[in-house]
Amino acid sequence: MKILLLGKKGQLGWEAQRELFCLGEVFAFDFPEIDFLKPNTIIDLVDEIQPDLIYNAVAYTAVDKAESEPEIARKINAETPGAIAVVCKNKDIPLIHISTDYIFDGLLGKDYVESNQPNPLNIYGSSKLEGENNIIQSGCDYLIFRTSWVYSMREGGFLQKVIQWAKNYEVLRIVDDQIGNPTWARTLAILSSRFLPSSPMLLKEFFHQHKGIYHLAGKGSVSRFEWTKFILENLPKDLHIKTRSVLPAKTKDFPTPAQRPFHSALNCSKFENEFSMRIPEWKQSLVLSMIN
Ligand SMILES: NC(=O)c1ccc[n+]([C@@H]2O[C@H](COP(=O)([O-])OP(=O)(O)OC[C@H]3O[C@@H](n4cnc5c(N)ncnc54)[C@H](OP(=O)(O)O)[C@@H]3O)[C@@H](O)[C@H]2O)c1
């Protein structure tokens, strides 16, 4: 089986490459070999490789910067995924795509299920929602996994920011009114692919049966404040941390270009039931991520 992985250097793509090679031969690319601002660079690649599965881990993830670059965010998160989905439909290739909790406004007051109404508050969220809709409208067989607060020990994400702050400041002030599910990129890579059949014929059938949107994130929800405290308690001792205390703050104390949802945590029961998989508690994943 041939798998085309788009975005091999990102937090998720890096881990996905290490997981997908148990399923088949992986052809993995990232910018600048492929450029989501130029969809033909991907469509040509699909013609050349003729993959049995496409896994898209590329995204424009700079939430604040997207507010000043809406067209670039739309192209990368919506238009090009839509163009890839059309190719998938025409060539009967199953597609895995990743979306986000930021398609919700966070005002529901409890964890979101798949049938809840999206209402993104920022450009990043609306571009990702448009990407979902373009994929659905293409008529291809897709699995869209909406995830939340992705981190890795390698680079990028909130975890790396906390580590940098902790090395430099004695006191950290972290918002306690944003609630989500911390999701280790490795757990996400495993959970989004381990249940797939490795035969192209069975894979097509599988996607046909299970096609849809699924919430897939670390189990349990937490505020950024509580998450930060847990990160600091579990950091490797050789990191020379300066931080002595973490204080709760409010989102309004730190104005940012993009508005963020307050409670965008995801309920992932549909995923667990459909694929008979167990999602680990976010704390368990975080502890394991630190000893790798
Ligand atoms: N990070 C989060 O907290 C979070 C939360 C919810 C959902 N998600 C979703 O989860 C998925 C994976 O996120 P992630 O955190 O792994 O993202 P990431 O680390 O930012 O990786 C994204 C990858 O896309 C590549 N890319 C960006 N622009 C490109 C372009 N024009 N052409 C080709 N490649 C390009 C990046 O390359 P460069 O590094 O060279 O730009 C990078 O390798 C995304 O769909 C994201 O929307 C993430």
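Everything numeric in this text was worked out from a predicted model, so none of it was measured.

Visitor: What am I meant to see in the site of the ligand here?
Guide: The ligand sits among 24 residues. The nearest are Leu12, Asp30, Thr61, Tyr124 and Lys128. Here a nitrogen atom of the ligand sits 2.9 Å away from a polar atom, N or O, in the main chain of Phe36. Separating an oxygen atom of the ligand from a backbone N or O atom of Val150 is a distance of 2.9 Å. Burial of the ligand by the surrounding chains reaches 80%, relative to a free accessible area of 910 Å². Elements with a contribution of two residues or more to the shell around the ligand: α1 (11-20), β4 (95-100) and α4 (123-138).

Visitor: What is the right way to look at the pairing of strand β3 (residues 53-56) in this model?
Guide: Looking along a regular strand, one sees side chains alternate from face to face of the sheet. Side chains Leu53 and Tyr55 of β3 all project onto a buried face; the interleaved residues Ile54 and Asn56 project onto the opposite face, where all are buried too. Pairing geometry for strand β1 (residues 2-6) and β3, over four bridges, is parallel. Residue pairing in the sheet places Leu6 in a bridge with Asn56 of β3. Sheet analysis places β3 next to β4, joined by three bridges and oriented parallel. Across the sheet, residue Asn56 finds its bridge partner in β4, namely His97. Each parallel crossover has a hand, and for β3 linked through helix α3 (residues 70-91) to β4 it is right-handed.

Visitor: Please clarify how the pattern of salt bridges should be interpreted in this entry.
Guide: Charged atoms that come close allow side chains of opposite charge to pair. All told, the structure shown has 15 salt bridges when counted by the stated rule. Residue Arg173 pairs with Asp253 through a salt bridge whose shortest N-O separation is 3.6 Å. Of the two residues, Arg173 is situated in strand β7 (residues 171-175) and Asp253 in the loop between β12 (245-249) and α9 (269-275); the sequence distance between them amounts to 80 residues. Take Asp253: its relative accessible area is 36%, and that puts it in the partly exposed class. A salt bridge links Lys229 to Glu226, with the shortest nitrogen-to-oxygen separation between them at 3.7 Å.

Visitor: It is not clear to me how the pairing of strand β10 (residues 212-215) should be interpreted in this structure. Could you clarify?
Guide: Burial along β10 is two-sided: Gly212 and Tyr214 and Ile213 and His215, pointing in opposite directions, are all buried. Bridge count between strand β5 (residues 142-147) and β10: four bridges; the pairing is parallel. The residue bridging Arg146 from the neighbouring strand is His215, located in β10.

Visitor: Sorry, what's going on with the packing of α3 against α4 here?
Guide: The interhelical angle for the contact between α3 and α4, taken along N-to-C directions, is 15 degrees, at an axis separation of 8 Å. By the angle class used here, α3 and α4 are roughly parallel. As for the relative orientation of α3 and α4, their crossing is right-handed in sense. Across the interface between the two elements, Pro70, Ala73, Arg74, Asn77, Ala78, Glu79, Pro81, Gly82, Ala85, Val86 and Lys89 of α3 pack against Ile123, Tyr124, Ser127, Lys128, Glu130, Gly131, Asn134, Ile135 and Ser138 of α4. Partitioned by chemical class, the residues of the contact of α3 with α4 number nine nonpolar, six polar and five charged.

Visitor: Looking at this model, I keep getting lost on unusual backbone geometry. Mind explaining?
Guide: Phi is mostly negative for residues that are not glycine, and the peptide bonds are mostly trans. Note the cis peptide between Phe31 and Pro32, where omega equals 10 degrees. Positive phi, close to 55 degrees, is recorded for Gln50, a residue that is not glycine. Along the chain, Gln50 falls in the loop between α2 (40-49) and β3. A positive phi angle, near 40 degrees, is found at Trp149, a position not held by glycine. Topologically, Trp149 is positioned in the loop between β5 and β6 (150-151).

Visitor: Looking at this model, I keep getting lost on empty space enclosed by the protein. Mind explaining?
Guide: To locate leftover empty space, one rolls a probe as large as a water molecule over the atoms. In total, this model carries one cavity of 30 Å³ or more according to the counting rule given. Space inside the largest cavity adds up to approximately 50 Å³. Lining of the largest cavity is provided by Pro182, Thr183, Trp184, Thr187, Leu188, Leu191, Leu216, Ala217, Gly218, Pro280 and Ser285. For the lining of the largest cavity, the secondary structure elements donating two or more residues are β9 (183-184) and α6 (185-191).

Visitor: Sorry, what's going on with the sheet that holds β3 here?
Guide: Through backbone hydrogen bonds, the strands of a sheet pair up, either in parallel or in antiparallel fashion. The sheet built from six strands is open, its strands ordered β2-β1-β3-β4-β5-β10 with parallel pairing. Both edges of this open sheet fall to β2 (25-29) and β10, since each of them pairs with a single strand only. Within the sheet, the average angular offset between the axes of one strand and its neighbour, ignoring direction, is 20 degrees. Lying on the sheet, α3 is in contact with β1, β3 and β4; it crosses β4 at an angle near 155 degrees. Each of β4, β5 and β10 touches α4; the most contacted strand, β4, lies at about 150 degrees to it.

What counts as what
Residues numbered from 1 in each chain as written. Predicted model: local features only at pLDDT ≥ 70, side-chain atom pairs only at ≥ 80, totals over all residues. Heavy atoms only, no water. Near = heavy atom within 4 Å. Polar contact = N/O pair within 3.5 Å; in protein donor to acceptor, adjacent residues only side chain to side chain. Areas by Shrake-Rupley, 256 points an atom, 1.4 Å probe, with all protein chains shown as cover. Helix = DSSP H or I, 4+ residues; strand = E, 2+ residues; numbered from the N terminus. Buried < 20%, exposed > 50% of the residue type's maximum accessible area, 1.4 Å probe, protein only. Pairing = 2+ DSSP bridges. Right-handed = clockwise from strand over helix to strand, strands pointing away. Salt bridge = Lys/Arg side-chain N within 4 Å of Asp/Glu carboxyl O. Axes fitted to C-alpha atoms, helices over the stretch in contact; angles between N-to-C directions. Parallel < 35°, antiparallel > 145°, perpendicular 65-115°, else oblique. Left-handed = near helix turned anticlockwise from the far one by under 90°. Contact = heavy atoms within 4.5 Å. Nonpolar A, V, L, I, M, F, W, Y, C, P; charged D, E, K, R; others polar. 1 Å grid on protein atoms, 1.4 Å probe; cavity = no way out; pocket = protein on both sides within 12 Å on 5 of 7 lines; lining within 4 Å. Points joined across faces, edges and corners; volume = space filled by probe spheres on them.

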